[in-house]
Every structure is written in C-alpha cells, then in structure tokens.
Amino acid sequence: MQQSKEERVHGVFEKIYENYDQMNSVISFQQHIKWRNDTMKKMNVPKGAKALDVCCGTADWTIALAEATGQEGSVVGLDFSKNMLKIGEEKLIDRKLDQATLIHGNAMELPFEDNSFDYVTIGFGLRNVPDYNQVLREMHRVLKPGGMAVCLETSQPTMPGFKEVYRLYFRFIMPLFGKLFAKSYQEYSWLQESAKDFPGMKELARMFSDAGFVNVEYKPYSGGVAAVHIGRKQ
C-alpha cells in the first residue's frame with residue numbers, strides 16, 4: 001500500500017533527526033543561517049512578543065524567536081516528529097530558554113485558539129505538508145490582527161543556466177550528500193523531490209493572499225534557491 005505524503009515525510013524526519021542540523025549546513029553551504037538571520041532582522045521581533053514556530057524541527061528558529069522575545073515573551077515550537085523535538089528540547093535546556101515550549105502537533109490542524117500569536121513562522125517545512133493552502137490558512141487563523149506570518153523556504157531560481165545547475169544539484173548531489181554524511185540516500189532523495197515541486201516565489205505570494213494575508217512581500221536569497229515570504233493579518 002502506497003504511503004501518503006504525510007506518512008512518508010514523518011518517516012523521513014523520524015529517521016534523519018540525528019544528522020539533521022549537520023546536513024542542513026552541508027546542503028545549504030551554511031547559507032540557511034544567514035537567511036534566517038536576515039529574516040529575523042526584517043521581522044524585528046520586540047521583547048514580550050508571543051510567537052509560534054510551525055514545523056519547528058530541531059528548534060533553531062524557535063530559539064532565535066525566544067532570544068528575541070526575551071523572558072517576558074513566549075514562544076511555542078510545533079512539529080510532528082517526536083525525534084526532532086527531542087533534539088530541540090536539549091537545545092532549549094542548554095540555553096535555559098524557559099520562555100520557549102515545544103509541542104508535538106500537526107501543522108494542518110494547529111491546536112490553538114484564533115488570534116493567539118503576534119508572529120507565526122514556518123522554516124523549510126511548508127514544502128513537506130500535504131496541503132500548503134491549509135497550513136497557510138491555519139497560520140492566518142491563529143495569528144492576531146496586525147500580526148506577521150513568515151515563511152522561509154526553498155524556492156525556484158528563474159535565472160537561465162543557474163536554474164538548471166540548481167535542479168541538477170538537488171536531484172543528484174543532495175541525495176549523495178545524504179548518503180555520504182547521514183547514510184540516508186532515500187530520505188534526502190525525498191527532500192529534493194519536495195523542493196523540486198514547491199511553488200515559485202510569485203505563486204507562493206498569491207497563496208499567502210488567498211489565505212487572507214495582506215501586504216504580502218517576498219525576498220529571494222542566493223539567486224532564488226530560497227526565499228522569505230511575509231504577510232500580515234488585518
């Protein structure tokens with residue numbers, strides 16, 4: 001019996017959790033850290049803010065949000081992989097970030113009341129969910145009026161030549177890195193599939209608008225291999 005996308009993705013992340021952080025750095029040549037740092041500057045999260053990090057994985061963005069909000073704020077990281085959350089919990093304990101909490105949950109059905117958060121983020125997780133639109137609608141629902149939703153994700157380069165090199169890298173080199181560094185060829189082959197099929201920047205911006213967000217903007221990184229999308233709730 002064929003696995004659903006949700007079952008397959010869950011299996012991937014339950015297996016690769018131990019090497020996930022290392023592989024992110026290998027695959028992106030450390031650029032994902034610069035992309036997230038630039039995104040945090042654009043967000044300008046104030047002390048005392050309340051934030052939700054959807055598909056938080058091993059909690060790197062959750063940690064960045066918690067450091068920005070300070071002890072007077074509160075941050076929740078949500079992910080459906082318990083193994084990924086274990087790694088994240090260890091990081092939070094090491095950094096004594098008591099204002100951050102990690103919970104096991106599904107991005108398709110966020111377990112929060114409407115209008116609960118000042119910021120809702122999702123980093124390199126939207127491409128792995130069964131229904132992009134449903135997750136964006138859920139992010140919009142739990143966001144307070146005036147709040148900000150932010151998606152940092154792989155994208156589709158449009159520059160001729162570079163676009164083809166990017167596709168070759170994701171199709172062949174990334175799974176090979178997975179095999180060499182994490183002994184997980186099949187799992188990293190899946191990750192390249194999810195990146196290959198993900199909407200481009202303009203299409204994702206339209207999806208943000210369709211989900212109810214206003215003042216939607218986006219910025220490409222590294223020639224368009226990744227992009228940040230930002231929208232607000234009226």
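The rules behind the values
Residues numbered from 1 in each chain as written. Predicted model: local features only at pLDDT ≥ 70, side-chain atom pairs only at ≥ 80, totals over all residues. Heavy atoms only, no water. Helix = DSSP H or I, 4+ residues; strand = E, 2+ residues; numbered from the N terminus. Buried < 20%, exposed > 50% of the residue type's maximum accessible area, 1.4 Å probe, protein only. Lys, Arg positive; Asp, Glu negative; His and termini not counted. Salt bridge = Lys/Arg side-chain N within 4 Å of Asp/Glu carboxyl O. Contact = heavy atoms within 4.5 Å. Polar contact = N/O pair within 3.5 Å; in protein donor to acceptor, adjacent residues only side chain to side chain. Core = buried A, V, L, I, M, F, W, Y, C linked by side-chain atoms within 4.5 Å.

Visitor: Where do I start with the side chain of Asp-53 in this structure?
Guide: Note on placement: Asp-53 falls in strand 1 (residues 50–54). Of the side chains bearing the opposite charge, Arg-36 lies closest to the buried Asp-53, which forms no salt bridge; the N-O distance is 8.1 Å. Filtering out sequence-adjacent residues up to four positions away, Asp-53 remains in contact with Trp-61, Thr-62, Leu-65, Val-76, Gly-77, Leu-78, Thr-121 and Ile-122.

Visitor: Would you explain the environment of Leu-110 in this entry?
Guide: Mapped onto the secondary structure, Leu-110 falls in the loop between strand 3 (100–104) and strand 4 (117–123). Here Leu-110 falls in the buried class, since its relative accessible area comes to 5%. In this structure, the C-alpha to C-alpha distance between Leu-110 and Glu-138, residues 28 residues apart in sequence, is 6.5 Å.

Visitor: Sorry, what's going on with the side chain of Thr-154 here?
Guide: One can find Thr-154 in strand 5 (residues 143–154). Relative accessible area serves as the criterion here: at 8%, Thr-154 is assigned to the buried category. For Thr-154, the side chain forms a polar contact with the side chain of Glu-153, separated by 3.3 Å.

Visitor: Would you mind going over the nonpolar core with me for this structure?
Guide: Nonpolar side chains in soluble globular proteins tend to be buried together. By size, the foremost hydrophobic cluster in this structure holds 30 residues, and its most contacted members are Met-40, Met-43, Val-45, Trp-61 and Leu-65. Sort the elements by how many residues they give to this core and helix 4 (residues 60–69) lands first, with 6 residues. Residue contacts for Val-45: discarding those within four places in its chain leaves Met-40, Leu-65, Ala-68, Thr-69 and Tyr-119. In terms of nonpolar packing, the next biggest core, distinct from the first, is built from 28 residues, Leu-110, Phe-117, Leu-126 and Phe-213 among them.

Visitor: Hey, could you run me through the pattern of salt bridges in this one?
Guide: Note that side chains of opposite charge can pair when their charged atoms are close. Inspection of every chain in the model, using the stated rule, returns 6 salt bridges. For Asp-114, the salt bridge is made with Arg-141, and the minimal N-O distance between the two is 2.8 Å. Placement of Asp-114 in the loop between strand 3 and strand 4 and of Arg-141 in helix 6 (residues 132–142) is noted, with a sequence separation of 27 residues between them. Among the residues examined, Asp-114 registers a relative accessible area of 47% and is labelled partly exposed. The partner of Arg-141 in a salt bridge is Glu-138, with the nearest N and O atoms 2.8 Å apart. In this pair, Arg-141 and Glu-138 are both assigned in helix 6, 3 residues apart and thus about one turn of the helix distant. Through salt bridges with shared partners, a single network forms among Asp-114, Glu-138 and Arg-141.

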